Amino acid sequence: MLFETWVVHEYLSAVLSDVLHCQREPLPLCLALLQYDKELVSTELSAPPHPSIIHLHQYYSKWLPQQSREELFPKDIGTAHLKTLMGILHDLVSKLQGFQESAHCEPAAAENSQEGSDLFLEISQLSTAEANKEQVLFSVLGSIFKHPCLQQWFLALELAALPPHTLNPVRLKHMCAQLNDDILTLLKTCSPTLSDLGHLELSCSYMEAIEKAVLMELMEKGSQTPKKQSQPFQALLSLHSFMDSCNLREVVSKLLLLPHGSLISPSSEGAQAELSVYGHAALLILTESKANPSKDHGIFLSQAHLHGLSTLLSCSSHALEAFLLQTLSTEPGSAKLIHTDVLLHCLQFPLPDSLSISSLLLQNCSTHRLCFEMWCLEPANMEKLSEQTETFLPLINTYLQVARREDPARPQEVQKEVVMALKQALLAKLSQCVLGNLTEDSGAQVTETLANLIRLSANIKDTKSLINTLPDALQKVDSFERWQLVDAVTEKLDGCPEEQETWRKSVTTAALKCLIAAYSHSKDPATARLEQEHSILERLQGLLTSAEDITASEWNSFIKNGLKYRYRDHRYLNTLSHLLGVMYGGTEVQKDLIPLATLYMMTSSHSLFLPTMLEEDEEHSRCQAKDQKLLLLLQEYERTISFLWGPAAVEHHKTRKSLGASLWKQESFEDLLALLNTDRMLQTIAHFPQHRKIILQRVYYNNAVEDLGNFYDPRFLLPLFSTILQPECVIDCLKFVSSHALGLTVMALSSYDTKVRAAAYHVLSCFYHHLEGARFREKRQLLYLMDTVRNGVRQQNQRLPFVLTTYIAKVAQQMLKPEDHMYMVLNRFLLSHQSLDFRRVPEFFKLFYGFDLEHKMEREWILSVLEEGISDGHSYELCEQQGIFQTLLAFSSSPLCDEHSQAQIIRVLCQAARVTRAAYNLTKSSGLLTWIIQVVEKKNLDQQLLGAIIDLLHVLWFTNLGQKEKQVDEAKTSSSTDEKPKSSVKCLPLPLITEFLSVALTISRHLRSRVKAAQLNVFLQTLCSVLKHRGTALSVNQQADWLTLHPQPLSCTEALTLLLCWASLSRSAALLSQIQALAERHKLKELLGKCH
């Protein structure tokens, strides 16, 4: 915009000059132009006039008489042209940024404007264009900010580092000020973009200049109160979030160590003091660093720093109070560094933030507690507490909590005197509040404060009235918080057995009546306060010790209301089960109690009995122990109930019961297949339980039941599939395949149980007959797939490798996707083979080394088969004989392998490493550890790839380790009885342990602060286990007098690297600063780059 305006001004000035030259008498035109210029000046524009206007005015003034000449414009000092050029530069950068931001909107616009255009465009075109825009923007910004003129003149006057020039002092001052403003505007505009691009190094020299200029100003003028912001401080406040943390830490430290007069602006009498420019700058930087954890600069606050902040409280700055509150919340230990004047100021102005600060100071510093006690002993202050009890209640509660701590540094007499004064002022008032109507907001605070006050100061006489009236108040359901007082009163009655027994009985009755009222008040459990109800139920179990403690009517109401409104609350049912022994276990039972037979009928004939037993919100075809028990029940119940489970079973039972046998309709098999959860089916296929037996054991006789988690149980689904595939049934074959029922049946062919495989072959045979009579588009492909599999089976109930069943299941799903590229590839293979060879992974090398345009898709597909299919030794041996692992390692090391394929290959190796035989052979024979070092040593290692390598090393180590470390621990525990000598403990060979340690240390040198916490946790767990087992192996070798090499200890740099990663993830500012100081002191180059 500025460029177009500049061109217009230049053009009009040239035209008017030519018109002036054509005049025989120029005076009228000159007077007219003078009048226009006066009107221009009178408009009081914010920006100065364009240089061409000033030049034209000076030119036509030569034809004016002396008395008519006026100096309308200030004398040009040479900054106008500079401002214009810098404005053009700023406009250029803004337009480039606009293009960059609009790049994300272009895909949607292109898709809406031209349908189908993506058929004729390269897939990578869009990403290449975006990358080019980023490159152009980076190149332009680099040319601007690396220009020597901008670098040398930015804050040059403030730094006293002026380049050679011929300007007089006035012009120099104006030119430097203008250039600083323009460069600062550019930095404000471009710094967020540079941060997003990851190239803040372009502005690094400018940030260093800002820091040096600010520090020089503080050294020269720090003892004075600034009247306005200087240009270095304007730059600091605008760009501090993009500055280096070390430089910013030094600036803030200098600011906080300034005298009190420099941080606070002088104020007139009666006016509130305000923060100065320096104080405002310090507070703003600290506040934003705390508010943005992602940009936390780890500024460490010493006692002197906190003292400087504390003195600013006289300004009553809400931002300062919020910062102190956040600092004390995150770093409680800093309370000991804060002066007691802060506490007195907060007590003088009891606002919410001030009282929160006071509470944190009392919790974490005994000096502040003593200061608060001395403040309370003043009669005026105690009267203030009594009058403003509601305001000071959180602070009083905090003090009563910490007053119970033992603190030898504080005089006990002072504490007792304060507590007694609080009792006299507040005990009666708080008791009256508790016995009245409480709200949920204030009830908890009032009752907790009263309970603490009773524990500390009250005696039985003081609480006599409360003891007599509290049980009646406990029956109310307006606030459950009153129950906090029960424990406090019980402790006070500890030395009076008779009164304590009376109190127990009254509280027992109150608990029962409170629960009855709560159940009647909140009939829907979803809206009830279940946590408070459960707390009272737990109390009731301990309070009720005899049937005589309550009346029969109270007990009967408790049962009726509970079963009516809390039938599905297991806490209520557990409590009821526990109390039955108390109420009915004696020799004599109260006459009016509900008989046990009636209670049994009330429970078993309840409308929610069946839904509760079947757990309406859960599914019961999984591999968990409770689901196996339910499967036994369903097998016994099979004649009267359907094969449905979960909500469908409940609804089916209700329908059959309401319609009767004549109108009852059998469920459809589509309904059964619709109950199968797709994600859970895929998880079951990927982690099929190969060792599961089809004959279910009587689990209630054996507690040691295998629990495989949230997967479907094949012993449930295979009989179900066999039932719905009977010849007389009609089944939707397409639905059977798309619901992954066919895939799960195929996976059962890899089971180690012969009967599971026989059941799976039977289901496949039944499905084949249904498939022959079905009509849908993919029928022929599925038939040919099943023929190919059947022709490859050479033995009855032959067990197939897991990797082959995974391949078949994925091919079956691929047959339903004719639009996919793999559809044609797999069909071409099936049509060229009559049977599958179960000794090889079909077409591995052809798909892995494909040369089609979609070769990456083919490679990704076959790698996904390996990733999901190598789960046992049989599958590993098949792949090893085919040379697959050597192929993967070789290809991953070649330049042809991209990062995505490399990550997928690592996941395949990680899956194979879970097999003991595979882990050993890959380590000893295939050189996998050396290969890992080669991958890690690559430059610019992707963090995702590094995480995959850490997982691979973790699995590889612990699979090779097996139970050896556990045997070592058992040997240590039994060494005292000489049951097992330590030399008999088996350890891994020392060279192998050393090789694992070398790999781990290589990875540690490439860890970055951006590594995820979970990955660092896995790596540290692996490294710790390697070091521990190495120590065990060295000890065993030394006892056996075997020759061993001296172990290479973990170097200080390697240990500090791990500690630095942990400190970065935990955002420990103190530890980061200590590591940085240590690295600078000893010149550890490996750590200096990472600390920044």
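Before reading further, recall that the structure is shown in the block above.
Cut-offs applied
- Residues numbered from 1 in each chain as written.
- Predicted model: local features only at pLDDT ≥ 70, side-chain atom pairs only at ≥ 80, totals over all residues.
- Heavy atoms only, no water.
- Helix = DSSP H or I, 4+ residues; strand = E, 2+ residues; numbered from the N terminus.
- Buried < 20%, exposed > 50% of the residue type's maximum accessible area, 1.4 Å probe, protein only.
- Contact = heavy atoms within 4.5 Å.
- Areas by Shrake-Rupley, 256 points an atom, 1.4 Å probe, with all protein chains shown as cover.
- Axes fitted to C-alpha atoms, helices over the stretch in contact; angles between N-to-C directions.
- Parallel < 35°, antiparallel > 145°, perpendicular 65-115°, else oblique.
- Left-handed = near helix turned anticlockwise from the far one by under 90°.
- Nonpolar A, V, L, I, M, F, W, Y, C, P; charged D, E, K, R; others polar.
- Phe/Tyr/Trp six-rings, centres within 6.5 Å; stacked < 30°, edge-to-face > 60°.
- Salt bridge = Lys/Arg side-chain N within 4 Å of Asp/Glu carboxyl O.
- Core = buried A, V, L, I, M, F, W, Y, C linked by side-chain atoms within 4.5 Å.
- Expected span 1.5 Å × (residues − 1).

A word on the overall build of the chain
- When helices and strands are tallied, the chain shows 56 helices and 2 strands.
- A total of 1092 residues make up the chain; the buried ones form 46% of that total.
- When contacts within the chain are restricted to residue pairs at least 6 apart in sequence, long-range pairs at least 24 apart make up 75% of them.
- Accessible surface for the chain amounts to roughly 56,800 Å². Of this, 54% is attributable to carbon and sulfur atoms.

Here's the deal with the packing of helix 53 (residues 1013-1039) against helix 54 (residues 1052-1066)
- Taken N-terminus to C-terminus, the directions of helix 53 and helix 54 make an angle of 150 degrees; their axes are 11 Å apart at the nearest point. In this view, helix 53 runs roughly antiparallel relative to helix 54, as classed from their interaxial angle. The chirality of how helix 53 crosses helix 54 is left-handed. Across from Ala-1013, Leu-1016, Phe-1019, Leu-1020 and Leu-1023 in helix 53, the residues of helix 54 making contact are Leu-1058, Cys-1061, Trp-1062 and Leu-1065.
- Residue composition of the contact of helix 53 with helix 54, grouped by class: 9 nonpolar, no polar and no charged.

Brief notes about unusual backbone geometry
- Unlike most non-glycine residues, Ala-160 shows phi in positive territory, near 55 degrees.
- Examined against the element boundaries, Ala-160 turns out to sit in the loop between helix 8 (156-159) and helix 9 (169-197).
- Looking at Ala-160, the relative accessible area reads 68%, which means it is exposed.
- Located in the positive-phi region is His-740, a residue other than glycine, with phi close to 70 degrees.

Thoughts on the side chain of Gln-882
- Along the chain, Gln-882 falls in the loop between helix 45 (873-881) and helix 46 (884-892).
- The residues contacting Gln-882, other than those within four sequence positions of it, are Arg-840, Val-841, Phe-844 and Phe-845.

Some points on the packing of aromatic side chains
- Within the structure shown, the criterion is met by 21 aromatic pairs.
- Ring geometry for Phe-145 against Tyr-206: centres 5.6 Å apart, planes inclined by 75 degrees, an arrangement best described as edge-to-face. Taken together, the residues span a long stretch of sequence, with Phe-145 in helix 6 (residues 125-145) and Tyr-206 in helix 10 (residues 204-221) at a distance of 61 residues.
- Seen in terms of ring centroids, Phe-721 and Phe-736 are 5.4 Å apart; in terms of plane orientation they differ by 75 degrees. Their pairing is edge-to-face. With a gap of 15 residues between them, Phe-721 in helix 36 (residues 714-724) and Phe-736 in helix 37 (residues 733-738) connect regions that are remote in the sequence. No difference in accessibility class separates Phe-721 from Phe-736, as the two residues are buried.
- One aromatic cluster in this structure is built from Tyr-519, Trp-555, Phe-558, Tyr-572 and Tyr-584.

Examining the pattern of salt bridges
- Here the structure, examined in full by the defined rule, presents 19 salt bridges.
- With its nearest N and O atoms 2.8 Å apart, the salt bridge here joins Lys-38 to Glu-70. Of this pair, Lys-38 sits in helix 2 (residues 27-42) while Glu-70 sits in the loop between helix 3 (51-60) and helix 4 (80-102); the two residues are 32 residues apart in sequence, bridging distant segments of the chain.
- Given a relative accessible area of 30%, Lys-38 falls into the partly exposed group.
- According to the relative accessible area criterion, Glu-70 is partly exposed, its value standing at 36%.
- Between Glu-868 and Lys-810 there is a salt bridge, with the nearest N and O atoms lying 3.7 Å from each other. Taken together, the residues span a long stretch of sequence, with Glu-868 in helix 44 (residues 855-869) and Lys-810 in helix 41 (residues 802-814) at a distance of 58 residues.

With respect to the nonpolar core
- Phe-721, Leu-866, Ile-1003 and Leu-1007 are the most contacted members of the largest nonpolar core, which totals 132 residues.
- In terms of residue count, helix 50 (residues 943-961) provides more of this core than any other element does, 11 residues in total.
- With sequence-adjacent residues up to four places away left out, Leu-866 is seen in contact with Val-803, Val-841, Phe-844, Cys-879, Ile-884, Leu-888 and Val-908.

With respect to helix 44
- Compared with an ideal rise of 1.5 Å per residue, which puts 15 residues at 21 Å, helix 44 spans 21 Å between its outermost C-alpha atoms and is within 8% of the ideal.
- Listing the buried residues of helix 44 in full gives Glu-858, Arg-859, Trp-861, Ile-862, Leu-863, Ser-864, Val-865, Leu-866 and Gly-869.
- Along its buried surface, helix 44 packs onto helix 41, helix 42 (821-831), helix 43 (844-848), helix 45, helix 46 and helix 47 (899-912).

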